[in-house]
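# Structure at a glance
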Amino acid sequence: MEVLPKLIVFSAPSGAGKTTLVRHLLTKEELNLAFSISAASREARGGEIDGKDYYFLGIKEFKNRIRANDFLEFEEVYQDQFYGTLKQEVERLWGEGKNVIFDIDVVGGLRLKKKFPNRTIAIFVKPPSINELQIRLKKRKTETAEKIAMRVAKASTEMATAPQFDVIIKNDDLDAAKELAYKTVHEFINKKVSNDEEE
Ligand SMILES: Nc1nc2c(ncn2[C@@H]2O[C@H](COP(=O)(O)OP(=O)(O)O)[C@@H](O)[C@H]2O)c(=O)[nH]1
Ligand SMILES: Nc1ncnc2c1ncn2[C@@H]1O[C@H](COP(=O)(O)OP(=O)(O)O)[C@@H](O)[C@H]1O
């Protein structure tokens, strides 16, 4: 048993606070984390940088990469909007000796856990209520009313997957959620686990 680089997965309905928690953990050098940059089928929007925010592949290239079996996991998260984790991204970060942290949807998160059961901790971020999700998304001002409605509509199905995760962090009081996230991740990355890469 060794202390191998790990996968730290944060999944949640949109607006629950996973990006906020992931960003907080990335500031903690002792956790030795690197963010997994996902591939997206859409083009970059203003201000977004290819290879930093996402690898913006475009739909044609994304589908080619699916056919080439280049993804560890991918999902059509919203209609015609594909997101996925490229195998080479995780290999790149593990090659640097980093623990890889993911901000991905619930289906993708559970898929990674199944692929690497020992090396992954799957964390579900639970909002106080679905109503609160809507309030947070409105306040965030990054989505149109239509997009918010689409995300909120999906939230109940996503909430139902929570029991399948290793840990549920309720994000009501943000400081308490940050503290629990830190403690959970710190403990897991120092744990000795057997290699399950082939499973
Ligand atoms: N399965 C999967 N989901 C992802 C991945 N990357 C991002 N997502 C999810 O896709 C959804 C859309 O992301 P979001 O940042 O809200 O949308 P954006 O405005 O297109 O960047 C969120 O639920 C993310 O967690 C990935 O690599 N795999
Ligand atoms: N505990 C909290 N209380 C109030 N607002 C929060 C809390 N956690 C996050 N937020 C805010 O809610 C919005 C959604 O959080 P974000 O991290 O972007 O969620 P996600 O990545 O899950 O979509 C952001 O504007 C964030 O600042």
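What counts, and at which threshold
- Residues numbered from 1 in each chain as written.
- Chains lettered and ligands numbered in written order.
- Predicted model: local features only at pLDDT ≥ 70, side-chain atom pairs only at ≥ 80, totals over all residues.
- Heavy atoms only, no water.
- Axes fitted to C-alpha atoms, helices over the stretch in contact; angles between N-to-C directions.
- Helix = DSSP H or I, 4+ residues; strand = E, 2+ residues; numbered from the N terminus.
- Parallel < 35°, antiparallel > 145°, perpendicular 65-115°, else oblique.
- Left-handed = near helix turned anticlockwise from the far one by under 90°.
- Contact = heavy atoms within 4.5 Å.
- Nonpolar A, V, L, I, M, F, W, Y, C, P; charged D, E, K, R; others polar.
- UniProt positions renumbered as here; feature names shortened; annotations may be inferred.
- 1 Å grid on protein atoms, 1.4 Å probe; cavity = no way out; pocket = protein on both sides within 12 Å on 5 of 7 lines; lining within 4 Å.
- Polar contact = N/O pair within 3.5 Å; in protein donor to acceptor, adjacent residues only side chain to side chain.
- Near = heavy atom within 4 Å.
- Sits in = over half its atoms within 2 Å of the grid points.
- Pairing = 2+ DSSP bridges.

## Focus: the packing of helix α1 (residues 18-26) against helix α7 (residues 174-189)
In the contact formed by α1 and α7, the axes pass within 10 Å of each other and the chain directions differ by 55°. When the axes of α1 and α7 are compared, the pair comes out oblique. Helix-helix and strand crossings are classified by hand; for α1 and α7 the assignment is right-handed. Where α1 approaches α7, its residues Thr20, Leu21, His24 and Leu25 are matched on the opposing element by Leu174, Ala177, Lys178, Ala181, Tyr182 and Val185. Grouping the amino acids of the contact of α1 with α7 by side-chain chemistry returns seven nonpolar, two polar and one charged.

## Some words on the UniProt feature "binding site: ATP" (unreviewed entry) in the protein chain
In the numbering used here, UniProt assigns the "binding site: ATP" (unreviewed entry) feature to Ala12, Pro13, Ser14, Gly15, Ala16, Gly17, Lys18 and Thr19. From the list above, the largest pocket is lined by Ala12, Pro13, Ser14, Gly15, Ala16, Gly17, Lys18 and Thr19. Locating Ala12 in the fold gives a position in the loop between β1 (7-11) and α1. Residues contacting Ala12, with those up to four places away along its chain left out, are Lys18, Ile104, Val106, Phe124 and Val125.

## Notes on the environment of Asp103
Along the polypeptide, Asp103 turns up in strand β7 (residues 99-103). The sequence separation of Asp103 and Val9 amounts to 94 residues, and the corresponding C-alpha distance is 6.5 Å. Of note is the side chain of Asp103, whose polar atom sits 2.8 Å from the side chain of Thr19.

## Thoughts on the site of ligand 2
The immediate surroundings of ligand 2 are formed by 13 residues, with Gly15, Thr19, Thr20, Arg140 and Asn171 found nearest. Note that an oxygen atom of ligand 2 is positioned 3.0 Å from one of the backbone N or O atoms of Lys18. The pocket occupied by ligand 2, as judged from atoms lying within 2 Å of grid points, is the largest pocket. Those elements that place two or more of their residues in the shell around ligand 2 are α1 and α5 (130-140).

## Some remarks on the site of ligand 1
Contacts to ligand 1 come from 17 residues, most closely from Ser38, Glu73, Tyr83, Asp105 and Arg151. The contact in question runs from an oxygen atom of ligand 1 to an N or O atom on the side chain of Tyr83, over 2.2 Å. Within the contact set of ligand 1, an oxygen atom lies 3.5 Å away from a side-chain nitrogen or oxygen of Asp103. Assessed atom by atom at 2 Å from the grid points, ligand 1 resides in the largest pocket. Elements with a minimum of two residues in the shell around ligand 1: β5 (71-78) and β6 (81-86). Looking at the shell around ligand 1, the element that brings in the most residues is β5, giving four residues.

## What to know about the sheet that holds strand β3 (residues 39-40)
A sheet is described by the order of its strands in space; here four strands give the open sequence β4-β3-β6-β5, paired in mixed fashion. With one partner strand each, in any of the chains shown, β4 (55-56) and β5 form the two edges of the open sheet. Both β3 and β6 contribute to a ladder of two bridges, which runs antiparallel. Within β6, the residue paired with Ala40 across the bridge is Tyr83. Here helix α3 (residues 87-95) sits on the sheet in contact with β4, β5 and β6, set at roughly 35° to β6. Across the sheet, helix α6 (residues 145-159) is in contact with β5 and β6; its angle to β5 comes to roughly 115°.

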